[in-house]
Amino acid sequence: VLDESQNIKNIESQTAQSAKLLNSAHRFALSGTPIENRLSELWSLFDFLMPGFLQDLPDFRQRYILPIEEHANRDAERRLKQQISPFILRRMKRDVAKELPPKIESVVYCE
């Protein structure tokens, strides 16, 4: 189980490469932010969890990254979401941490 799995989102990092070498029957990844900057981060997580599920990186780039990130292709986005959604459990703070106060945002201006 990788907690804070954002640490393997950089495909080229030593952490990501080492984690993918672990031998195990089952793998889980916990992350509050499965995607922060690029779809390649999502690919890296799934490459750890289920190698080959999203094809290799060049195929994933051609099928999803270029259409979604560069052309805002909603059909490609829908197909990717449909493919990965059975493997993602997303819980909202409002659903699991009712004792926490609502989010507070403060805007502070400085010169």
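A few points on the structure. (Residues numbered from 1 in each chain as written. Predicted model: local features only at pLDDT ≥ 70, side-chain atom pairs only at ≥ 80, totals over all residues. Heavy atoms only, no water.)

Description of the environment of Ile11
Within the secondary structure, Ile11 is located in the segment before helix 1 (14–19). On the accessibility criterion, Ile11 (23% relative accessible area) is partly exposed. (Helix = DSSP H or I, 4+ residues; strand = E, 2+ residues; numbered from the N terminus. Buried < 20%, exposed > 50% of the residue type's maximum accessible area, 1.4 Å probe, protein only.)

Brief notes about the layout of surface pockets
For the largest pocket, the calculated volume is near 1100 Å³. Taken together, 28 residues line the largest pocket, and the ones lying closest to its centre are Pro34, Phe87, Ile88, Leu89 and Arg90. Mapped by element, the contributors of at least two residues to the lining of the largest pocket are helix 2 (39–49) and helix 4 (74–84). When residues in the lining of the largest pocket are grouped by element, the largest group, 5 residues, is from helix 2. Looking at the lining of the largest pocket residue by residue, the class counts come to 18 nonpolar, 4 polar and 6 charged. (1 Å grid on protein atoms, 1.4 Å probe; cavity = no way out; pocket = protein on both sides within 12 Å on 5 of 7 lines; lining within 4 Å. Points joined across faces, edges and corners; volume = space filled by probe spheres on them. Nonpolar A, V, L, I, M, F, W, Y, C, P; charged D, E, K, R; others polar.)

Thoughts on the side chain of Ser44
By secondary structure assignment, the location of Ser44 is in helix 2. Since its relative accessible area comes to 0%, Ser44 is described here as buried.

A closer look at the pattern of salt bridges
Considering all chains together, one arrives at 5 salt bridges under this definition. One salt bridge in this structure joins Glu41 and Lys9, with 4.0 Å as the shortest N-O distance. Separated by 32 residues along the polypeptide, Glu41 in helix 2 and Lys9 in the segment before helix 1 bring together distant segments of the chain. Residue Lys9 is classed as buried on the basis of its relative accessible area of 5%. Here Asp75 makes a salt bridge to Arg78, at a shortest N to O gap of 2.4 Å. (Salt bridge = Lys/Arg side-chain N within 4 Å of Asp/Glu carboxyl O.)

What about the nonpolar core?
Within the largest apolar cluster, 13 residues are counted, with the highest numbers of intra-cluster contacts made by Leu39, Leu54, Phe60, Tyr64, Ile68, Leu80 and Ile84. Mapped onto this core, the elements with two or more residues apiece are helix 2, helix 3 (57–71) and helix 4. Ranked by the residues each element gives to this core, the list is headed by helix 3, at 5 residues. Ignoring any residue separated from it by four or fewer positions in sequence, one finds Leu54 in contact with Leu42, Trp43, Phe46, Phe60, Leu80, Gln83 and Ile84. In terms of nonpolar packing, the next biggest core, distinct from the first, is built from 6 residues, Ile8, Ala16, Ala19 and Leu45 among them. (Core = buried A, V, L, I, M, F, W, Y, C linked by side-chain atoms within 4.5 Å. Contact = heavy atoms within 4.5 Å.)

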